[in-house]
Structure formats: structure tokens, C-alpha cells
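Now for the letters of each chain:
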Amino acid sequence: MKRSTYIIISIIVLAACGPQERVSKDVFDQVNNAMEAKKLSEAQITQEAMIWGDSISNEAQQQLMSSLHQAVEEKGYAGALEFCNVNAAPIVNDLSNKHGVEIRRTSFRARNQNNLPTEAESALLEAYQYNVENGIQSEPNIQKIEGGDVLLYTKAIVIPSEFCLACHGDSENEIEAGLLNKIDSLYPTDLARGFSVGNLRGMWSLKIPKKAVVNRL
């Protein structure tokens, strides 16, 4: 694959015609008026979105991992797998509602097929994969989407320790047979196995309304 494939570019989604276009223009005017009143620059807004995105993604990661560790202690890995199957999405959805930001975990090798990447997310995931494979530090990224009304914050998720390999490691040597059967039962189209420590697991993807960022400043 050409190196250019991995270059992160700005993603612009054009607003559709009709009522949606008028709504988008209203949001655009509101944001511009607020920016002018507060004398804010695009750089300030991007910086605040980055800080906020870091905070939200860290909160989400910590909450999920804390809940997972607790489930393993109480129910073992099989019980924790069932916990994730039922509770992971609601935990993320609750945080989305709390912050007014759309939060997703996405991966090319997703366990839940609802977490496969969109076209826009795929380009960013490829860039993070390139970085991991070439020993390059992956930094969080901000892209403008939806005509600039939304800022897309992304951050790579890397397998941090052997704890994760009990469910995401090699299916022959690291995932116990009973647990593997449970995974196949709950996730018949599972792609999230065969990882090693340090591999790219996926990324956090947050759609942050620009208006919300301006209101924070």
C-alpha cells in the first residue's frame, strides 16, 4: 500500500440540500457569532477540543477497564466476557449522553461488528496502524467534519498488557478452550483475537460539536 494511504487528511462532509442545509447554516452562524463575541480563533477551539477529547476518552477507558477488572475478579474471564457483551455499549452510551459527544470504539478487528470503522475512521485507523508497525508514536488527532460543525477526535488504543490477551490473544495458546467457545457463542463473527502486547487494538472516535467546544471557552 502506498505511503500516501497513511497520511491523515482533513475530511469534509458536504451538507445535503433542503432543510438540513438551513439547519447547518444556522449552526454555522451561531458558532461564528459566539466565536466573534469571545474573540476565539480556530486554533483555540481545536486545542480545547483536543483537551476535552483526551479527558473524555481517558474517562471512558478507565471506566471500562475498571469495570472489566472487577468483573474478572468476581466472575472470572467467562463472566467478564458476558459482562462486556451486555454492558460495554451502555457504559459508552451513558458517557456520550453525559458529555453531549458521540463516543465510539472502532477497529478493523472488531469483536462486535457494530464497532467496525466508517470510511472516515478507516483512513485514520490505517495511519495509526502504520505508526505502530513502524515504531512511530501515535498522537491524538482532530479532524473537521460535517462542514466544520463537528470535530472528530481520535486516539489509538494499543494492547497494554498480557491481561488483555486472555480474551484477545492467540486462540491456540493464550485463550482457554472454554473461553474461546464462549467468545464464539457470543460473537460468531469475532475478529478480535491473535493480538500481542503493543499491537493496535483500535481507536477512540469522538464526534464533538464545535458549538459545544465554543461554549466551554
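About the cut-offs
Residues numbered from 1 in each chain as written. Predicted model: local features only at pLDDT ≥ 70, side-chain atom pairs only at ≥ 80, totals over all residues. Heavy atoms only, no water. Helix = DSSP H or I, 4+ residues; strand = E, 2+ residues; numbered from the N terminus. Buried < 20%, exposed > 50% of the residue type's maximum accessible area, 1.4 Å probe, protein only. Contact = heavy atoms within 4.5 Å. Areas by Shrake-Rupley, 256 points an atom, 1.4 Å probe, with all protein chains shown as cover. pLDDT = per-residue confidence, 0-100. Phe/Tyr/Trp six-rings, centres within 6.5 Å; stacked < 30°, edge-to-face > 60°. Lys NZ or Arg CZ within 6 Å of the ring centre and 35° of its normal. Expected span 1.5 Å × (residues − 1). Lys, Arg positive; Asp, Glu negative; His and termini not counted. Salt bridge = Lys/Arg side-chain N within 4 Å of Asp/Glu carboxyl O. Pairing = 2+ DSSP bridges. Axes fitted to C-alpha atoms, helices over the stretch in contact; angles between N-to-C directions.

**Some thoughts on the overall build of the protein chain**
Within the protein chain, the secondary structure is distributed over six helices and four strands. Put simply, the protein chain runs from its N terminus to its C terminus through helices and strands in the order α-α-β-α-β-β-α-α-β-α. Across the 217 residues that make up the protein chain, the buried fraction comes to 39%. Considering only contacts within the protein chain whose residues lie at least 6 apart along the sequence, 73% involve residues at least 24 apart. Only carbon and sulfur atoms are counted for the fraction: they give 51% of the accessible area of the protein chain, which is about 12,200 Å².

**Concerning the confidence of the model for the protein chain**
Per-chain confidence: the protein chain averages 85 in pLDDT, with 82% of residues scoring 70 or above. Note on residues 1–22: pLDDT under 50 across the span, and 22 contacts to partners over four residues away in sequence or across chains.

**What to know about the packing of aromatic side chains**
Scanning the model with the defined rule gives one aromatic pair in all. Here the aromatic rings of tyrosine 77 and phenylalanine 163 are separated by 5.9 Å at their centres, their planes lie at 45 degrees, and the arrangement is tilted. With tyrosine 77 in helix α2 (residues 42–99) and phenylalanine 163 in the loop between β3 (150–158) and α4 (165–168), this residue pair connects regions lying 86 residues apart in the sequence. Sitting over the face of the ring of phenylalanine 195, arginine 109 holds its NZ or CZ atom 3.8 Å from the ring centroid. Note that arginine 111 overlies the ring of tyrosine 187, its terminal NZ or CZ placed 6.0 Å from the centroid.

**Looking at α2**
For an α-helix, the turn length of 3.6 residues means that residues three or four places apart are oriented alike. Between its first and last C-alpha, α2 extends only 21 Å over 58 residues, short of the 86 Å set by a 1.5 Å rise per residue. Where α2 ends, the next residue or the one after it, glycine 100, has phi of about 70 degrees, a positive value.

**Considerations on the side chain of arginine 201**
Here arginine 201 lies in strand β4 (residues 200–209). For the buried arginine 201, no salt bridge exists, and the shortest N-O distance to an oppositely charged side chain is 6.3 Å, to aspartate 190. With near-sequence residues (within four places) excluded, arginine 201 lies in contact with Ser107, Arg109, Arg111, Ile157, Val158, Ile159, His168, Ala192 and Phe195.

**Here we look at the sheet that holds strand β1 (residues 102–106)**
Spatially, four strands are ordered β1-β4-β3-β2 in an open sheet, and the strand pairing comes out antiparallel. One side of each edge strand has no neighbouring strand; the edge strands of this open sheet are β1 and β2 (141–145). Across the sheet, the mean angle separating the axes of adjacent strands is 20 degrees when strand polarity is ignored. For β3 and β4, the ladder comprises nine bridges, and the chain directions are antiparallel. Along β4, the bridge assignment pairs leucine 152 with lysine 207.

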